[in-house]
Amino acid sequence: MAAQPATDAVSTSGETAADEATPWSGRRAGGGTPSVLLDGVVALAASAAGPARLGSGGAGAGGARAGGEARPVRVLDLGGGTGGLAVELASRGHDVVVVDPSPDALASLARRADEMGVGERLTGVQGDSEDLSAHVPDASVDVLLAHGVLEVVDDPRAALAACRRALRPTGRLSVLVAGRGAAVLSRVASGHLRHARALQVDPAGRWGPDDPLLRRFDVDGARALLGAAGFSVLRTHGVGVLRAVAPRSAADPAAADVLEQMERSASTDPTLLGVAAAIHLHAAPV
């Protein structure tokens, strides 16, 4: 049985695992999705639409036709929880299926979809990567989101193989994984050097047996895993590069705008990828 997503924060021996408050946790808890992540997923949906699959009118940014109507693509959000990203994509005209092991999360997803008026475009299914083919036909998905999944499943290679089967040959995969470097830095900053050292040297990037995540990733490791699973990585960027170290004064609206601009620049800076809270990879089956 695949592990369920980790909670947003975990305390052990009096220590708070701040690095577990990962950028994707907001969509499971009903919070906001980081704009750099949302923009990346929207762009991926647009690329999955592809000019060959559009009408003669062509499409612009976001997969919209010349007349402004969204060209729907079929999206699968694996482990999508309460659907922060799923509801947003459905509101943009896409057809979305959320596969998640938690019935409570799926109930919240249904309520959220109804409140936003996208219930007809969004379907919730109880399941996980191990039984994905029972819920989603092979080669039927244009865009597949696997955010916060590879850190918690028993076998990430098997999970990626299930994703590849579900995707069309022209489909796109969005993977978001917890970054090892950010976890190390957060532990050092909080004075928990024993855990920081464990995170640094452990092959799986864990701080101990009570760690709620089974693994964390560096950029090369994440890319290699996708390559071994039959994917070509098209783009890699960071999510949550600077916010973890931003001072409280950044909550001021003017400062928040500056931080947002800096975060966007940092997300594509290759020198900062290693300290991003999460690594976002766009990939295509090969």
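Numbering of residues starts from 1 in every chain and runs along the sequence as written. Two thresholds apply to this predicted model, a pLDDT of at least 70 for residue-level local features and 80 or more for giving and counting side-chain atom pairs, whereas whole-chain, interface and lining totals are computed over all residues. Excluding hydrogens and water, the side-chain figures rest on all heavy atoms present in the structure.

Draft legend 1. The arrangement of the pattern of salt bridges in detail. The salt bridge criterion pairs a side-chain nitrogen of Lys or Arg with a carboxyl oxygen of Asp or Glu, the two atoms within 4 Å. Enumeration over the complete set of coordinates arrives at 7 salt bridges. The closest approach of N and O atoms between Arg-264 and Asp-39, which form a salt bridge, is 2.8 Å. Within this pair, whereas Arg-264 is found in helix 10 (residues 253-267), its partner Asp-39 is found in helix 2 (residues 35-49), the two being separated by 225 residues in sequence. We call a residue buried when its accessible area falls under 20% of the maximum for its residue type, exposed when it is over 50%, and partly exposed in between, using a 1.4 Å probe and counting protein chains only. Accessibility expressed as a relative area gives 37% for Arg-264, which makes it partly exposed. By the criteria applied, helices consist of DSSP H or I runs no shorter than four residues and strands consist of E runs no shorter than two, each listed in order from the N terminus.

Draft legend 2. Looking closely at the nonpolar core. Counting 33 residues, the largest nonpolar core has Leu-76, Leu-144, Leu-160, Leu-173 and Val-175 as the members making the most contacts within it. Contributions of two or more residues to this core are made by strand 3 (74-78), strand 4 (95-100), strand 6 (141-147), helix 6 (156-166), strand 7 (167-178), helix 9 (219-228) and strand 9 (278-285). Tallying contributions element by element places helix 6 first for this core, with 5 residues. Ignoring sequence-local partners within four residues, the contact set of Leu-173 consists of Leu-44, Leu-144, Leu-160, Cys-163, Leu-167, Leu-226, Phe-231, Leu-281, His-282 and Ala-283. What we call a nonpolar core is a set of buried Ala, Val, Leu, Ile, Met, Phe, Trp, Tyr and Cys residues that are connected through their side-chain atoms within 4.5 Å. It only takes one pair of heavy atoms within 4.5 Å for two residues to be counted as in contact.

Draft legend 3. Structural context of the pairing of strand 4. Most of strand 4 sits out of view: 5 of its 6 residues are buried. The pairing criterion for strands is at least two bridges between them, as found by DSSP. With 5 bridges connecting them, strand 3 and strand 4 associate as parallel partners. Within strand 4, the residue paired with Asp-77 across the bridge is Val-98. Regarding the hand of the β-α-β motif, the stretch spanning strand 3, helix 3 (residues 84-91) and strand 4 is right-handed. Here strand 4 runs beside strand 5 (residues 122-126); their pairing, made up of 5 bridges, is parallel. Within the sheet, the bridge partner assigned to Val-98 lies in strand 5 and is Gly-124. The parallel pair strand 4 and strand 5 is bridged by helix 4 (residues 103-115), and the resulting crossover is right-handed. The handedness rule is simple: strands pointing away from the viewer, and a clockwise path from the first strand over the helix to the second, make the crossover right-handed.

Draft legend 4. Representation of the environment of Pro-103 in the model. Looking at where Pro-103 falls in the secondary structure, it is placed in helix 4. A relative accessible area of 47% means that Pro-103 is categorised as partly exposed.

Draft legend 5. Focus on the pairing of strand 3. Burial runs high along strand 3: 4 of the 5 residues are buried. Pairing between strand 3 and strand 6: 4 bridges, direction parallel. Each bridged residue has a counterpart across the sheet, and for Asp-77 the counterpart in strand 6 is Leu-145.

Draft legend 6. Summary view of unusual backbone geometry. Residue Ala-139 is not a glycine yet carries a positive backbone phi of 55°. Tracing the backbone through its elements, the reader meets Ala-139 in the loop between helix 5 (132-135) and strand 6.

Draft legend 7. A look at the sheet that holds strand 5. Spatial ordering of the open sheet is given by 5-4-3-6-7-9-8, a layout of 7 strands whose pairing is mixed. At either end of the open sheet lies a strand with only one pairing partner, and these are strand 5 and strand 8 (231-239). Across the sheet, the axes of successive neighbouring strands diverge by a mean angle of 15°, strand direction being ignored. Seen against the sheet, helix 4 touches strand 4 and strand 5 and runs at an angle of roughly 170° to strand 5. Here the axes come from fitting lines to C-alpha atoms, over the contacting stretch only for helices, and the angles between their N-to-C directions go from 0 to 180 degrees.

Draft legend 8. Spatial organisation of the packing of helix 6 against helix 9. One can describe the packing of helix 6 onto helix 9 by two numbers: an axis separation of 9 Å at closest approach and a directional angle of 55°. Of the possible angle classes, the one that applies to helix 6 and helix 9 is oblique. Viewed along their axes, helix 6 and helix 9 form a crossing whose handedness is right-handed. Contacts between helix 6 and helix 9 involve Pro-156, Arg-157 and Leu-160 on the former and, on the latter, Leu-225, Leu-226 and Ala-228. Residue type decides the class: Asp, Glu, Lys and Arg count as charged, Ala, Val, Leu, Ile, Met, Phe, Trp, Tyr, Cys and Pro as nonpolar, and the leftover types, Gly among them, as polar. For the contact of helix 6 with helix 9, the class distribution of residues is 5 nonpolar, no polar and 1 charged. Note on angle classes: values under 35 degrees are labelled roughly parallel, values over 145 roughly antiparallel, values of 65 to 115 roughly perpendicular, and the remainder oblique. Handedness of a crossing follows from how the near helix is turned relative to the far one, being left-handed for an anticlockwise turn of less than a right angle and right-handed for a clockwise one.

Draft legend 9. Broad picture of helix 10. How far a helix is expected to stretch is found by multiplying one less than its residue total by 1.5 Å. The terminal C-alpha atoms of helix 10 lie 21 Å apart, and with 15 residues this matches the ideal 21 Å at 1.5 Å per residue to within 8%. The complete set of buried residues in helix 10 reads Leu-259, Glu-263, Ala-266 and Ser-267. Seen from one end, helix 10 has its buried residues packed into an arc of 90°, which puts them on one side. Across from the buried face of helix 10, at angles greater than 90 degrees, the exposed residues are Ala-254, Gln-261 and Ser-265. At its buried positions, helix 10 is contacted by helix 2 and strand 8. Pairs of N or O atoms within 3.5 Å make up the polar contacts considered here, provided that, within protein, one atom can donate a hydrogen while the other can accept it, and that residues adjacent in sequence are counted only when both atoms are side-chain atoms. Here helix 10 starts with a cap whose side-chain oxygen sits 3.1 Å from the backbone nitrogen of Ala-254, and that cap is Asp-252. Starting at the helix axis, one direction is taken to each C-beta atom, and the arc is that of these directions.

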